[in-house]
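What follows is the residue order along each chain.
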Amino acid sequence: MPPATESTAPTSGLRARKKQRRFEEISETAIALFLERGFEKVSVAEVAAAAEVSKPTLFRYFASKEDLVLHRFADHEDEAARTVAARPAGLTALDALHRHFLAGLDRHDPVTGLNDAEGVLAFHRLLYGTPSLIARLHGYQNRSEQALAAALHDAHGGTPLDARLAAAQIIAVQRVLAEDNWHRVAEGEPVDAIGPEAVTAANRAFDQLRTGLTRYA
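Please read all numbers here as calculations on a predicted model, not as lab measurements.

Novice: Break down the nonpolar core for me, with residues and values.
Specialist: Residues Leu148, Leu152 and Ile170 are the most contacted members of the largest nonpolar core, which totals 33 residues. Looking at this core, the elements that each hand over two or more residues are helix 5 (79-85), helix 6 (93-106), helix 8 (131-156), helix 9 (160-186) and helix 10 (191-212). Not counting residues within four places of it along the chain, the set of residues in contact with isoleucine 170 comprises Leu94, Leu97, Leu148, Leu152, Leu209 and Leu213. Counting residues in hydrophobic clusters, the runner-up holds 25 residues, among them Phe34, Val44, Val47 and Ala48.

So, in structure tokens, the structure goes:
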């Protein structure tokens with residue numbers, strides 16, 4: 001395929017931006033309907049009608065009904081792997097991931113669970129209250145483990161199985177920490193009160209990982 005010329009590149013970029021906007025509009029429309037009426041009570045046809053697209057068009061953007069919600073996790077699938085790959089020289093993989101998680105807590109990143117914005121809480125209630133979404137989420141977590149395992153293997157060697165076992169433990173720790181934070185926020189505890197304890201819990205968890213995962217520490 002020939003490289004894009006000056007005349008075609010802007011057109012291609014505009015097309016990609018329009019496609020991304022449409023992608024986000026369809027998803028936000030779907031999530032609003034799911035939050036209002038419940039995931040199981042809204043059909044794909046109703047989402048398509050509300051988003052003013054046909055069902056075939058919707059399925060060109062999203063492979064399944066669950067993906068209308070879970071695409072928000074897509075950007076996070078390889079986040080841990082990217083953190084390891086981009087770490088400064090001399091910093092171990094676990095230290096890089098530890099710092100990254102603490103930074104997320106500090107900025108109240110929704111992925112850490114330490115966020116009390118109503119939209120974030122409503123999204124989490126939708127996610128964790130819908131069995132089919134929870135089941136589909138496991139696929140995202142599995143791909144995250146695979147990506148992190150590859151990054152750990154590249155960074156510190158060992159066998160592929162060693163790296164996969166380490167990645168599974170790291171992803172599980174981050175998930176449990178985030179879920180604990182979210183449950184506390186959902187029960188009404190103030191984020192500012194939870195924050196210091198969330199940092200302490202994260203530090204303790206990563207110290208435990210270092211004890212068992214010496215190759216990556």
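There is more to say, and it comes next.
Novice: Please provide a residue-by-residue account of the pattern of salt bridges, values included.
Specialist: According to the stated counting rule, one finds 15 salt bridges in the structure shown. Between arginine 125 and glutamate 118 there is a salt bridge, with its nearest N and O atoms 2.7 Å apart. The salt bridge involving aspartate 207 is made with arginine 210; its shortest N-O contact spans 3.1 Å. Residue aspartate 207 and its partner arginine 210 are both found in helix 10; the two are separated by three residues, about one turn of the helix. Salt bridges here are not isolated pairs; linked through shared partners, they connect Glu66, Asp67 and Arg136.

Novice: Can you tell me about helix 8, naming the residues and giving the values?
Specialist: Given 3.6 residues to a turn, an α-helix orients residues that are three or four positions apart in the same direction. Taking 1.5 Å per residue as the helical rise, helix 8 with its 26 residues ought to reach 38 Å, and the 37 Å between its terminal C-alpha atoms agrees with that figure. Within the span of helix 8, buried status applies to Leu133, Leu137, Tyr140, Gln141, Ser144, Glu145, Leu148, Ala149, Ala151 and Leu152. Where helix 8 terminates, the next one or two residues include glycine 157, which has phi positive at roughly 75°.

Novice: Mind laying out the packing of aromatic side chains, listing which residues take part and the relevant values?
Specialist: Within this structure, the stated rule accounts for five aromatic pairs. With centroids separated by 6.5 Å and ring planes inclined at 45°, the aromatic side chains of phenylalanine 101 and phenylalanine 206 adopt a geometry described as tilted. Separated by 105 residues along the polypeptide, phenylalanine 101 in helix 6 and phenylalanine 206 in helix 10 bring together distant segments of the chain. Comparing phenylalanine 101 with phenylalanine 206 shows no difference in burial state: the two are buried. Aromatic side chains tyrosine 128 and tryptophan 182 sit 5.0 Å apart centroid to centroid with 40° between the ring planes, which places their arrangement in the tilted category. One end of the pair, tyrosine 128, is in helix 7 (residues 118-128); the other, tryptophan 182, is in helix 9, and 54 residues separate them in sequence. The partly exposed category is assigned to tyrosine 128, whose relative accessible area is 30%.

Novice: For unusual backbone geometry, give the residues involved together with the corresponding values.
Specialist: A positive phi angle, close to 60°, is found at glutamate 52, a residue other than glycine. With respect to the helices, strands and loops of the structure, glutamate 52 is situated in the loop between helix 2 (44-51) and helix 3 (55-61). Overall, glutamate 52 belongs to the exposed group, its relative accessible area being 71%. Non-glycine residue histidine 108 carries a positive phi angle of around 55°. Within the secondary structure layout, histidine 108 lies in the loop between helix 6 and helix 7.

Novice: I'd like to hear about the environment of alanine 178, residue by residue, with values.
Specialist: One can find alanine 178 in helix 9. Judged by relative accessible area, which is 12%, alanine 178 ranks as buried. A C-alpha to C-alpha distance of 35 Å links alanine 178 and glutamate 52, two positions 126 residues apart in sequence. Dropping the residues within four chain positions of it, alanine 178 is found in contact with Phe101, Val111, Thr112 and Gly113.

Scoring rules and cut-offs
- Per chain, residue numbering runs from 1 following the sequence as it is written.
- Totals for whole chains, interfaces and linings use every residue, but because this is a predicted model, local features are given only for residues with pLDDT of at least 70 and side-chain atom pairs only at 80 or more, for both listing and counting.
- To obtain the side-chain values, all non-hydrogen atoms of the structure were used and water was disregarded.
- The definition of a nonpolar core used throughout is a set of buried Ala, Val, Leu, Ile, Met, Phe, Trp, Tyr and Cys residues joined through side-chain atoms within 4.5 Å.
- Here's how the labels work: a residue is buried when its accessible area is under 20% of the maximum for its type, exposed when over 50%, partly exposed in between, all with a 1.4 Å probe on protein chains only.
- Strands here mean DSSP runs of E at least two residues long; helices mean DSSP runs of H or I at least four residues long; both are numbered from the N terminus.
- When checking whether two residues touch, look at their non-hydrogen atoms; a contact exists if any pair is within 4.5 Å.
- A pair is scored as a salt bridge if a Lys or Arg side-chain nitrogen falls within 4 Å of a carboxyl oxygen belonging to Asp or Glu.
- For a helix, the expected span equals 1.5 Å multiplied by the number of residues minus one.
- Each aromatic pair joins two rings of Phe, Tyr and Trp (for Trp, the six-membered one) with centres within 6.5 Å, and gets the label stacked for planes under 30 degrees apart, edge-to-face for over 60, and tilted for any other angle.

Nothing here speaks to function; it is all geometry.
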